[in-house]
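Chain and residue survey
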Amino acid sequence: MRYINAIVKILTFPGGFLRGFWEQLFCKIYGIPIENKKYFQFNEMAGHIEHEPVSDSAKNYFFCLFSGMMVFLAGVLFAIPAVINLMFLDVINETWRFFSIGFLYLALSMFTNLFPSIEDALTMWEKYKSMDGVMKVIFAPGALVMYAGAYAENVGATLITNLALAAVVLFV
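First things first, this report covers the structure right here in the doc. Quantities reported herein were computed from a predicted structural model and do not represent experimental measurements.

1. What about helix 3 (residues 57–89)?
Helix length check: helix 3 (33 residues) gives 46 Å between terminal C-alpha atoms against 48 Å at 1.5 Å per residue, within 8%. Inspection of helix 3 places Asn60, Tyr61, Phe63, Cys64, Ser67, Gly68, Val71, Ala74, Gly75, Ala79, Ala82 and Asn85 among the buried residues, and these make up the whole buried set. On its buried face, helix 3 sits against helix 2 (13–30), strand 2 (50–51), helix 4 (94–112), helix 5 (118–129) and helix 6 (133–154).

2. With respect to the packing of helix 2 against helix 3
Geometry of a packed helix pair, given as the angle between the helix axes and the separation of the axes. Between helix 2 and helix 3, whose axes approach to 9 Å, the crossing angle comes to 140°. In terms of orientation, helix 2 lies oblique with respect to helix 3. Viewed along their axes, helix 2 and helix 3 form a crossing whose handedness is right-handed. Facing helix 2, whose interface residues are Leu18, Arg19, Trp22, Glu23, Phe26, Cys27 and Tyr30, helix 3 presents Lys59, Phe62, Phe63, Cys64, Phe66, Ser67, Gly68, Met70, Val71 and Ala74. Among the residues forming the contact of helix 2 with helix 3, the class breakdown is 12 nonpolar, two polar and three charged.

3. Describing the side chain of asparagine 162
The residue asparagine 162 is located in helix 7 (residues 157–171) in this model. Of the polar contacts made by the side chain of asparagine 162, one reaches the side chain of threonine 112; its length is 3.3 Å.

4. Regarding a negative patch on the surface
Taken together, the side chains of Glu35, Glu50, Glu52 and Glu119 define an acidic patch exposed on the protein surface. Summarising the element assignment, glutamate 52 is placed in the loop between strand 2 and helix 3. On the basis of relative accessibility, which here comes to 32%, the residue glutamate 52 falls in the partly exposed class.

5. Description of the packing of helix 5 against helix 6
Direction vectors running N to C along helix 5 and helix 6 enclose 155°, while the axes themselves pass 9 Å from each other. What the angle tells us is that helix 5 and helix 6 run roughly antiparallel. Between helix 5 and helix 6 the crossing geometry is left-handed. For the pair formed by helix 5 and helix 6, the contact residues are Ile118, Ala121, Leu122, Met124, Trp125, Tyr128 and Lys129 on the first element and Lys136, Phe139, Ala140, Ala143, Leu144, Met146, Tyr147, Ala150, Tyr151 and Asn154 on the second.

6. With respect to the nonpolar core
Burial of nonpolar side chains together is a common tendency in soluble globular proteins. Membership of the largest hydrophobic core comes to 23 residues, with the highest contact counts inside it found for Leu18, Tyr61, Phe63, Val71, Met124, Tyr128 and Ala143. Every element with two or more residues in this core is listed here: helix 2, helix 3, helix 5 and helix 6. Apart from residues no more than four positions distant in its own chain, alanine 143 is found in contact with Tyr61, Met124, Trp125 and Tyr128.

7. As for helix 6
Here helix 6 is 22 residues long and its end C-alpha atoms lie 30 Å apart, about the 32 Å a rise of 1.5 Å per residue gives. Within helix 6 the residues assigned to the buried category are Phe139, Gly142, Ala143, Met146, Gly149, Ala150 and Glu153.

8. A few points about the environment of lysine 129
Locating lysine 129 in the fold gives a position in helix 5. Its relative accessible area of 45% is what places lysine 129 among the partly exposed residues. Separated by 11 residues in sequence, lysine 129 and alanine 140 have C-alpha atoms that sit 9.8 Å apart.

9. A look at the pattern of salt bridges
One pass over the full model with this rule turns up two salt bridges. Across the salt bridge formed by glutamate 153 and lysine 9, the nearest N and O atoms sit 2.8 Å from each other. Of this pair, glutamate 153 sits in helix 6 while lysine 9 sits in helix 1 (residues 2–11), placing them 144 residues apart in sequence. For the pair glutamate 153 and lysine 9, a shared accessibility class is recorded, and that class is buried. Residue glutamate 23 pairs with arginine 19 through a salt bridge whose shortest N-O separation is 3.1 Å. Taken as a pair, glutamate 23 and arginine 19 lie in helix 2 at a separation of four residues, close to a single helical turn. Take glutamate 23 and arginine 19: they sit in the same class, and that class is buried.

About the thresholds
Residues numbered from 1 in each chain as written. Predicted model: local features only at pLDDT ≥ 70, side-chain atom pairs only at ≥ 80, totals over all residues. Heavy atoms only, no water. Helix = DSSP H or I, 4+ residues; strand = E, 2+ residues; numbered from the N terminus. Expected span 1.5 Å × (residues − 1). Buried < 20%, exposed > 50% of the residue type's maximum accessible area, 1.4 Å probe, protein only. Contact = heavy atoms within 4.5 Å. Axes fitted to C-alpha atoms, helices over the stretch in contact; angles between N-to-C directions. Parallel < 35°, antiparallel > 145°, perpendicular 65-115°, else oblique. Left-handed = near helix turned anticlockwise from the far one by under 90°. Nonpolar A, V, L, I, M, F, W, Y, C, P; charged D, E, K, R; others polar. Polar contact = N/O pair within 3.5 Å; in protein donor to acceptor, adjacent residues only side chain to side chain. Patch = residues over 30% accessible without salt bridge, like charges linked within 9 Å, V, L, I, M, F, W, Y side chains within 5 Å. Areas by Shrake-Rupley, 256 points an atom, 1.4 Å probe, with all protein chains shown as cover. Salt bridge = Lys/Arg side-chain N within 4 Å of Asp/Glu carboxyl O. Lys, Arg positive; Asp, Glu negative; His and termini not counted. Charge placed at Lys NZ, Arg CZ, Asp CG, Glu CD. Core = buried A, V, L, I, M, F, W, Y, C linked by side-chain atoms within 4.5 Å.

Written as C-alpha cells, this is what we have:
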C-alpha cells in the first residue's frame, strides 16, 4: 500500500502541498512545535508535516478539522467554475475547456488530500475516547469521518472515490 499512497500523492501534489501548508499554518496558530517541514516525502507523511503530539483534545480535533476544511474550500473554489463551464455553459472555445479541465484536476487534487495523517487521526481518536459524554456526542461525526478518511487516504481510496464522483458529475 505504501507504493499506491506514493503514486497518489505524486499525482495529486497540488493538494498535498496545500494540505501541508495549512497544517504548518495551524501548527503556528495553535503553538504546536514542528519537527519536519517537508511537504513531500516518500512515506505515509507525504503531504503532511511532522509535528509534536497535541496535548489538548479540542485543539487536536480542530487542528485536524480546520486544515482539512481549508483544503476542501480550495477544492470547491476550483470545482465550481470547472463544473459550470463543462456542464452548463458548453463553451466551444478549446482554451476555456483546457482551463476547466485544469481546474477540475486541481479540485480533484484538493479533495484527495482532505484528511489528516494517520498519526494525527490516531492521536485525535485517543483524545476523543477520553472525552466525557456530551463532548463525545458533539465531536463524534467529525472524529469518525476524519479517522476513517485518514485510513482511506493512506491506501489511495480517496483518489478512486473522487474519480468516480467526478465521472458521475460530468457524465450523468
